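# Chain and residue survey
For reference, the chains in residue letters:
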4 protein chains.
Amino acid sequence: MAGSVNKVILVGNLGKDPEVRRMQNGNPVVNLTVATSDTWRDKGTGERKEKTEWHRVVIFSEGLAKVAEQYLKKGAKVYIEGALQTRKWTDPQGVEKYSTEIVLQGFNSTLTMLDGRSGGGSGGGGGYGGDDMGDSFGGGQSSPPQRRVAAAPAGGRSDMDDDIPF
Amino acid sequence: MAGSVNKVILVGNLGKDPEVRRMQNGNPVVNLTVATSDTWRDKGTGERKEKTEWHRVVIFSEGLAKVAEQYLKKGAKVYIEGALQTRKWTDPQGVEKYSTEIVLQGFNSTLTMLDGRSGGGSGGGGGYGGDDMGDSFGGGQSSPPQRRVAAAPAGGRSDMDDDIPF
Amino acid sequence: MAGSVNKVILVGNLGKDPEVRRMQNGNPVVNLTVATSDTWRDKGTGERKEKTEWHRVVIFSEGLAKVAEQYLKKGAKVYIEGALQTRKWTDPQGVEKYSTEIVLQGFNSTLTMLDGRSGGGSGGGGGYGGDDMGDSFGGGQSSPPQRRVAAAPAGGRSDMDDDIPF
Amino acid sequence: MAGSVNKVILVGNLGKDPEVRRMQNGNPVVNLTVATSDTWRDKGTGERKEKTEWHRVVIFSEGLAKVAEQYLKKGAKVYIEGALQTRKWTDPQGVEKYSTEIVLQGFNSTLTMLDGRSGGGSGGGGGYGGDDMGDSFGGGQSSPPQRRVAAAPAGGRSDMDDDIPF
DNA sequence: TTTT
DNA sequence: TTTT
């Protein structure tokens with residue numbers, strides 16, 4: 001449509017380490033699970049409330065995917081700019097499902113580290129070393145509309161925590 | 001979570017007239033279906049491509065809901081600022097479903113008309129008359145975290161067009 | 001700085017036709033003057049108030065500059081995404097001045113037409129014809145940090161109206 | 001103007017402690033100086049480049065101003081959402097000056113702490129103690145268009161460093 | 001003046 | 001200078 005904008009801006013923390021898949025050419029496609037949360041005080045009782053929202057992020061931009069794979073860990077705080085995309089897929093039982101993701105692909109996507117931590121608890125290895133970390137990386141170099149590598153649900157995990165709605 | 005941001009910015013057109021439900025107190029809750037689209041030229045064939053994305057928007061902010069109910073029509077171009085929210089619900093067959101919506105609720109939501117058209121084809125009535133139209137309305141007056149009126153999928157329509165994924 | 005974001009989003013109308021300068025290589029650099037405005041009702045008197053804000057926009061992204069030069073006219077409504085930049089310059093009297101502009105340059109800039117009008121009153125010619133109009137154009141193709149063509153104030157106009165603060 | 005948007009989003013660090021002024025009623029108005037920076041690698045020499053941009057932020061929203069006054073310190077990393085505003089003022093020599101600021105006022109403003117540090121070096125006291133820190137605070141409670149407390153340049157400092165363009 |  |  002002429003003159004439209006589809007933009008998502010998130011500042012949140014990774015709920016787990018990045019999940020990396022490979023395209024045929026070896027380039028990474030990275031899935032992130034990002035938590036944001038609202039806190040407020042209940043008007044009636046005055047008690048503090050908090051509601052966490054989980055976001056599924058898919059990084060196709062080659063440069064951003066490499067950065068995510070190398071430097072992000074569970075717990076990392078990130079600034080993300082991408083676009084909403086809803087995909088339809090069919091589960092093993094033949095039921096049609098929809099999944100809405102924030103896609104980082106092409107020129108108007110951003111991924112920025114907002115802390116220097118290596119994350120918490122993701123086990124072996126980890127940490128980053130370059131003097132480049134913490135910078136902002138734009139997805140400018142990848143050609144704008146590049147299509148998905150697979151129609152299958154990005155992930156297909158069975159180990160999901162009950163609180164994460166995807 | 002400390003220091004998080006959850007923001008969606010859309011500029012798009014309504015795919016249909018607003019859907020209005022009433023809360024117990026008579027206040028409107030409005031659902032919008034908004035289309036955005038990307039166009040690009042295929043690198044191989046050079047042909048023009050277009051992909052439309054449909055967004056489900058739910059307006060709880062009292063002021064914005066009233067504006068939407070009164071002035072928006074199918075085809076209207078809008079600027080929207082809200083937050084992502086994924087809800088879980090169970091369909092009549094007992095299957096769990098997830099629906100991701102852009103929620104306008106509380107202080108950081110915006111709805112702005114970007115054209116003066118009354119929309120296209122929505123039949124009877126329509127049009128708006130106030131001298132207030134075309135302005136920007138913030139949701140500032142409604143109290144921030146107000147919970148949903150119903151757990152059921154906002155809508156429950158059976159007349160859905162195949163191209164709209166919710 | 002590690003992990004910073006500098007982003008401006010405007011939806012407004014051009015106060016005049018785009019101003020085009022040429023770089024040594026012939027590429028256009030375009031200056032736009034964009035108006036946004038707030039309206040509100042005075043709490044005391046109840047009368048309607050309006051305050052217009054004028055923004056100076058400078059387009060270095062080659063693709064966006066060409067689009068602006070070709071298609072934008074006085075009165076056109078645009079969506080703009082860029083970054084804030086404050087420049088220091090010295091006026092003919094030797095007085096140091098500062099000018100803050102919204103710069104469109106590199107991967108995270110956007111310029112989108114929000115109406116199909118050719119603008120009002122800019123005289124000869126005008127209008128656009130391609131079937132490409134009204135689309136969104138990203139600045140992805142131009143290399144991110146490209147420096148200014150001149151240190152002089154972008155414009156150097158002497159015919160300024162008193163209400164425009166630059 | 002019908003249907004306009006004027007929004008600035010910054011993630012950056014405070015260059016100094018917040019500057020607090022009082023309105024007649026004792027409410028604080030807070031000025032922040034925020035740095036953002038771009039880094040890139042020079043295409044020719046391959047060396048790393050960095051350019052810092054300084055932003056002047058003025059907080060009128062009562063709730064946000066109180067938070068800023070209490071919790072923010074030099075060095076703190078913040079997420080800020082506000083609007084651009086250019087003010088005209090006359091310096092002691094009678095020269096007209098313009099100053100562009102990011103104004104946080106009314107419903108569509110946000111200030112969020114992105115780290116838990118108390119900042120660096122601002123001397124006495126400091127630190128914050130509540131369990132509320134690090135949350136996001138919206139400016140929703142303050143009435144949208146509230147005018148400036150003074151026409152004088154917000155600050156009026158004479159100890160300005162040459163690199164800060166305001 | 002910040003930050004890495 | 002725009003726009004409603």
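Residues numbered from 1 in each chain as written. Chains lettered and ligands numbered in written order. Predicted model: local features only at pLDDT ≥ 70, side-chain atom pairs only at ≥ 80, totals over all residues. Heavy atoms only, no water.

## Side note on the overall build of chain A
- On a plain count of helices and strands, chain A comes out with 1 helix and 8 strands.
- In chain A, the order of α-helices and β-strands from amino to carboxyl end is β-β-β-β-α-β-β-β-β.
- Relative to its 166 residues, chain A shows a buried fraction of 52%.
- Carbon and sulfur atoms make up 47% of the accessible area of chain A, which amounts to about 6900 Å² in all. (Helix = DSSP H or I, 4+ residues; strand = E, 2+ residues; numbered from the N terminus. Buried < 20%, exposed > 50% of the residue type's maximum accessible area, 1.4 Å probe, protein only. Areas by Shrake-Rupley, 256 points an atom, 1.4 Å probe, with all protein chains shown as cover.)

## Concerning the pairing of strand 7 (residues 110-113) of chain B
Residues and elements named next belong to chain B.
- Along strand 7, one buried face is formed by T110 and T112 and the opposite face, lined by L111 and M113, is buried too.
- Taken together, the 4 bridges between strand 5 (residues 77-90) and strand 7 define a ladder with antiparallel strand orientation. Note that in strand 7 the partner of V78 across the bridge is M113. (Pairing = 2+ DSSP bridges.)

## A look at the pairing of strand 4 (residues 48-59) of chain A
Residues and elements named next belong to chain A.
- Pairing analysis gives 12 bridges linking strand 3 (residues 28-41) to strand 4, with the strands arranged antiparallel. In the strand pairing of strand 4, L32 is matched with V57.
- Hairpin connection, strand 3 to strand 4: the antiparallel pair is bridged by 6 residues, and G46 has positive phi, about 80°.

## Things to note about helix 1 (residues 62-71) of chain A
- Those residues of helix 1 of chain A not exposed but buried are A:L64, A:A65, A:V67, A:A68 and A:Y71. With its buried residues spanning 160° around the axis, helix 1 of chain A presents them on a single face. (Arc of directions from axis to C-beta.)

## Describing the environment of C:L111
- Summarising the element assignment, C:L111 is placed in strand 7 (residues 110-113).
- For the pair C:L111 and C:T45, spaced 66 residues apart in sequence, the C-alpha separation works out to 39 Å.

## Describing the confidence of the model for chain A
All names here are of chain A.
- Per-residue confidence for chain A gives a mean pLDDT of 77; residues scoring 70 or more make up 69%.
- Across residues 117-135, confidence stays below pLDDT 50; counting only partners more than four residues off in sequence or on other chains, it has 43 contacts.
- Note that residues 139-162 has pLDDT below 50 and, in this model, 56 contacts with residues that lie over four places away or in other chains. (pLDDT = per-residue confidence, 0-100. Contact = heavy atoms within 4.5 Å.)

## Considerations on the UniProt feature "DNA-binding region" (unreviewed entry) in chain A
- When the UniProt feature table is mapped onto this chain, "DNA-binding region" (unreviewed entry) is found at residues 54-60 of chain A.
- From the first C-alpha to the last, residues 54-60 of chain A spans 20 Å; its make-up is 0% helix and 86% strand. (UniProt positions renumbered as here; feature names shortened; annotations may be inferred.)

## Here's the deal with the pattern of salt bridges
- Taken as a whole and assessed by the stated rule, the structure comprises 44 salt bridges over all chains.
- Notably, a salt bridge pairs C:E19 with C:K16, separated by 3.4 Å at the nearest N-O pair.
- We classify C:K16 as partly exposed; its relative accessible area is 22%.
- Each member of the salt-bridge network shares a partner with another, and the members are A:K16, A:E19, A:R56, A:R87 and A:E101. (Salt bridge = Lys/Arg side-chain N within 4 Å of Asp/Glu carboxyl O.)

## Re the environment of A:D17
All names here are of chain A.
- Structurally, D17 can be placed in the loop between strand 1 (5-14) and strand 2 (19-22).
- Classification of D17 by relative accessible area gives partly exposed; the value is 24%.
- As for D17 and E81, which are separated by 64 residues in sequence, their C-alpha atoms are 19 Å apart.
- A polar contact of 2.8 Å, which involves the side chain of D17, links it to the backbone nitrogen of K74. (Polar contact = N/O pair within 3.5 Å; in protein donor to acceptor, adjacent residues only side chain to side chain.)

## A short note on the side chain of B:K97
- Position of B:K97 among the secondary structure elements: in strand 6 (residues 96-104).
- One buried charged residue, B:K97, forms no salt bridge at all, with the nearest opposite charge on B:D91 at 4.1 Å.
- Discounting chain neighbours no more than four positions away, the residues touching B:K97 are A:V95, A:E96, B:R87, B:K88, B:W89 and B:D91. (Lys, Arg positive; Asp, Glu negative; His and termini not counted.)

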